[in-house]
Protein chains: 2
Amino acid sequence: MDPLAEHPAAHAGRGAPEVSPPAAAVATPRTGSARQRILDTAFRLFYAKGIRAVGVDLIIAESGVAKATFYKHFPAKDDLVVAYLDTVDGIWSGQLHDAAEAAGPAPADQLVGLFDALSSACRQDGYRGCAFINAAAESQPGTPVHDRTVAHKAAVLDWVTGLASRAGAANPQVLARSLTLLLDGGLASGALDADPDAPAAAKASAEALVAAALA
Amino acid sequence: MDPLAEHPAAHAGRGAPEVSPPAAAVATPRTGSARQRILDTAFRLFYAKGIRAVGVDLIIAESGVAKATFYKHFPAKDDLVVAYLDTVDGIWSGQLHDAAEAAGPAPADQLVGLFDALSSACRQDGYRGCAFINAAAESQPGTPVHDRTVAHKAAVLDWVTGLASRAGAANPQVLARSLTLLLDGGLASGALDADPDAPAAAKASAEALVAAALA
DNA sequence: ATTGAAGCAGACAGATCTGTCTGCTAGGTT
DNA sequence: AACCTAGCAGACAGATCTGTCTGCTTCAAT
């Protein structure tokens, strides 16, 4: 049901009133059940239907939460949207890291291995493209939601640039940019044509580009 | 102001009650002024703010048209959305063709020249990504709006495949897929990071991929 | 001169959406 | 025992959105 597998690296909301568990002491699970239910429901509905298409009332109904409880945790809908994007960021970044590591220790192999995460994502049932690109399409530049999207893409680009650098690319920035372009293209068009060969083509292209950049 | 330049190849709405001018005879301009104003306004607002963010009332106000006139031309908002996508399809297809032709007669050069259209688009003031990807993010699979997006992407892929075939690629489908992935990636992420080098990186990658595919 | 098509102006209905507010219940801490 | 926090239930207000309908004007063709 989840579009991006099983939350391997989901990190919490953008934590204004919360702190990460220091060691022991306050061991009581401070992540309330209601908040998590809201977040889970929002994740599912926002991704499947789009952000503007999902009203607060629907999230409240499907998460079985009172309206006052909802607005206590998220004073405005946009706060929930940002928390949703934080969740997706954690999941997707985790999947990218996992796919890279699974490709072996060599950075050059990891650059190509990234694209296995793309294949997995596109194969997911209910796959509907990149949550960030979709969110950006529904938000205006300068808003917190749009900024969150930009920050995510910048973080991924930075990380890939580091990988390209360790791989010994002559121009890590350009290689990383090319690979993220391919990745974003695969994420975006994976929702439009159900062509199962698209991720494979992306990976093959990535291989060629990495090989050319290291030659 | 227009995000995609000056409507070089805009073709008309999906014409249910209209017929294309057969020869002479009914030479009276059947494309009323009101319809065109609605379409122009919708083009501007839908692209800039997103489809769901723009209400019918706003389009009516900004196009200076009566509400009854609006609903006479477009019985439902979605009809206008589809007409808007038709307009974008005409413009963008025209720009792709123009960029390809400008690159010279050789199909291999044209495959790379495509990416000049990407550069131009991203440089446009108010560029906000691919109108089709954005529309797909706001619509559900199976709806006319979503279908229109899928059809557009399929048409572009077909056309690029033909180009790749004429260029002599061993596997035109795979090359075309790779290039459209790059193109879509550039279109999508061009709205997120204002990195002016992204289109150049896309073009350089395209060059490498085309060269590799023809080797 | 009359008719008809196209357009303008705006009221109206019904649905939906965000956000506020009041009351109530349950569990844990002091 | 008193209290506080988290949560549930749902009414309510105000805005907005889609779509319908009535009435008036203008212009061109018959």
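Residues numbered from 1 in each chain as written. Chains lettered and ligands numbered in written order. Predicted model: local features only at pLDDT ≥ 70, side-chain atom pairs only at ≥ 80, totals over all residues. Heavy atoms only, no water.

Per an unreviewed UniProt entry, chain A is named TetR family transcriptional regulator, and its organism is Intrasporangium oryzae NRRL B-24470.

**A word on the pattern of salt bridges**
All names here are of chain B. Using the following cut-off: The working definition used for a salt bridge is a side-chain nitrogen of Lys or Arg within 4 Å of a carboxyl oxygen of Asp or Glu. Secondary structure is summarised from DSSP: a helix means a run of H or I of at least four residues, a strand means a run of E of at least two, and numbering begins at the N terminus for each. Relative accessibility thresholds used throughout: buried, under 20% of the residue-type maximum; exposed, over 50%; partly exposed, between the two (1.4 Å probe, protein chains only).
What the rule picks out here adds up to 14 salt bridges over all chains. Arg148 is paired through a salt bridge with Asp89; the nearest N and O atoms lie 3.8 Å apart. Of this pair, Arg148 sits in helix α7 (residues 144–166) while Asp89 is found in helix α4 (residues 77–102), placing the two residues 59 residues apart along the sequence. For the residue pair Arg148 and Asp89, the accessibility class agrees, reading buried in each case.

**A look at the protein's contact with DNA strand D**
Worth spelling out the cut-off: In these notes, residues near a molecule or strand are those with any non-hydrogen atom within 4 Å of it. Residues adjacent in sequence count toward polar contacts only when both atoms are side-chain atoms; beyond that, a polar contact is any pair of N or O atoms within 3.5 Å, and within protein one must be able to donate a hydrogen and the other to accept it.
Taken together, 21 residues are adjacent to DNA strand D, and A:His73, B:Val56, B:Asp57, B:Lys67 and B:Lys77 come closest. In the interface set of DNA strand D, defined as its atoms within 4 Å of the protein, sugar plus phosphate atoms amount to 49%. The contact in question runs from a phosphate oxygen of DNA strand D to an N or O atom on the side chain of A:Arg37, over 3.1 Å. Within the backbone of A:Ala66, one N or O atom sits 3.3 Å away from a phosphate oxygen of DNA strand D. At the level of secondary structure, the elements contributing two or more residues to the surface near DNA strand D comprise α1 (33–49) and α3 (67–73) of chain A together with α2 (56–63) and α3 (67–73) of chain B. At four residues, the largest contribution of residues to the surface near DNA strand D is made by α3(A).

**Remarks on the UniProt feature "DNA-binding region" (unreviewed entry) in chain A**
Applicable threshold: UniProt positions are given in the numbering used here, feature names are shortened, and annotations may be inferred rather than shown by experiment.
Per the UniProt record, "DNA-binding region" (unreviewed entry) is found at residues 55–74 of chain A. Split by type, residues 55–74 of chain A is 75% helix and 0% strand. Its first and last C-alpha atoms lie 14 Å apart.

**Remarks on the packing of helix α5 (residues 107–123) of chain B against helix α8 (residues 172–189) of chain B**
Residue and element names in this part refer to chain B. Where we set the bar: Every axis in this analysis is a line fitted to C-alpha atoms, fitted for helices over the stretch in contact. Angles between the N-to-C directions lie between 0 and 180 degrees. Note on angle classes: values under 35 degrees are labelled roughly parallel, values over 145 roughly antiparallel, values of 65 to 115 roughly perpendicular, and the remainder oblique. The contact criterion used throughout is that any non-hydrogen atoms of two residues lie within 4.5 Å. Only Asp, Glu, Lys and Arg are considered charged, only Ala, Val, Leu, Ile, Met, Phe, Trp, Tyr, Cys and Pro nonpolar, and every remaining residue, Gly among them, polar.
Look at α5 against α8: their axes get within 10 Å of each other, and the N-to-C directions meet at 10 degrees. The angle between α5 and α8 falls in the class roughly parallel. Contacts between α5 and α8 involve Leu111, Phe115, Leu118 and Cys122 from the former and Leu175, Leu179, Leu182, Leu183, Gly186 and Leu187 from the latter. Per-class residue counts for the contact of α5 with α8 are nine nonpolar, one polar and no charged.

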